[in-house]
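Observations on the model geometry
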Amino acid sequence: MNLRLRPTMLSDLDFVISVEQDAANLPFITPWERTQHEGAVRFPDFRHFIVEAGPAYERAGFVILQGCRNPHRSVELKRIVLQTKGQGLGRACVRLLAQMAFRDLGAHRFWLDVKSKNERAQALYRSEGFVEEGRLRESVRSGDGYDSLIVMSLLEHEHAALVRSREQGVA
C-alpha cells in the first residue's frame, strides 16, 4: 500500500476539520477547534501529519502524536482520523506511527485512549499488540449520554518482539 505521512500545513486545516466533522467519524472522536489544530501544528511536543495514500498519494486523513518531547518517553497517539475505512489504511498508519514513536522519537511507551463504543478500533489496536491498561468510566460526553475511554499501550520491547515475529513470518 502506498502510504506516507507529511507534516500538516496550516493550509491543510480545512481538510482536517472536514474529515473530523464527517458523520462516519464524529461518533468516535471528540473534534477539536481549529485553534487546537493550529497549536498542534506549531507546538514542538506534537506531530500533526496528513495521511497520504494510494497511487497518487491523495489526502486520506490525518494523525496527531503528542508527548514527542515527553521526558518519560511516553508518546500518545492523540488522534487518527481516516476517510477510507476497511482497506487496511488504519493498520498501516498504526504500524508506521509505532515505528516513528519507537525508532524516531525514542519512546519507551506508545499509548492511546479509544472510546468504548469504537470496537473496530479496539480490535485493530489489540491485533497490533496494544494492551488495555484501564478504563476512564463515562469520561466523555457522547450525544445525550457519556462514553468511557479505554487506555491502551504498547511498550518498546513488545513492539520490537512484534516486528521480529513479522519479519520471521510468524505474525
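Everything below is about the structure printed above this text.
This write-up is about the structure you can find in this document.

1. Side note on the packing of aromatic side chains
In total, this model carries five aromatic pairs according to the counting rule given. Pairing Phe-102 with Phe-110 gives two aromatic rings, centres 6.2 Å apart and planes at 75 degrees, and the pair type is edge-to-face. Accessibility expressed as a relative area gives 0% for Phe-110, which makes it buried. On the basis of an interplanar angle of 50 degrees and a centroid distance of 5.8 Å, the ring pair of Phe-110 and Phe-130 is categorised as tilted. In this pair, Phe-110 is assigned in strand E5 (residues 109-115) and Phe-130 in the loop between helix H4 (119-127) and strand E6 (131-142), connecting sequence segments 20 residues apart. Across the pair, exposure class does not vary: Phe-110 and Phe-130 are buried alike. Joined through ring pairs, the aromatic side chains of Phe-102, Phe-110, Tyr-125 and Phe-130 make up one cluster. Between Arg-4 and the ring centre of Tyr-57, over which it is positioned, the NZ or CZ distance is 3.9 Å.

2. Concerning the environment of Val-131
Locating Val-131 in the fold gives a position in strand E6. C-alpha of Val-131 to C-alpha of Trp-111: the two residues are 20 residues apart in sequence and 9.2 Å apart in space. Aside from chain neighbours lying at most four places away, what touches Val-131 is Val-151, Met-152, Ser-153 and Glu-158.

Cut-offs and rules
- Residues numbered from 1 in each chain as written.
- Predicted model: local features only at pLDDT ≥ 70, side-chain atom pairs only at ≥ 80, totals over all residues.
- Heavy atoms only, no water.
- Phe/Tyr/Trp six-rings, centres within 6.5 Å; stacked < 30°, edge-to-face > 60°.
- Buried < 20%, exposed > 50% of the residue type's maximum accessible area, 1.4 Å probe, protein only.
- Helix = DSSP H or I, 4+ residues; strand = E, 2+ residues; numbered from the N terminus.
- Lys NZ or Arg CZ within 6 Å of the ring centre and 35° of its normal.
- Contact = heavy atoms within 4.5 Å.

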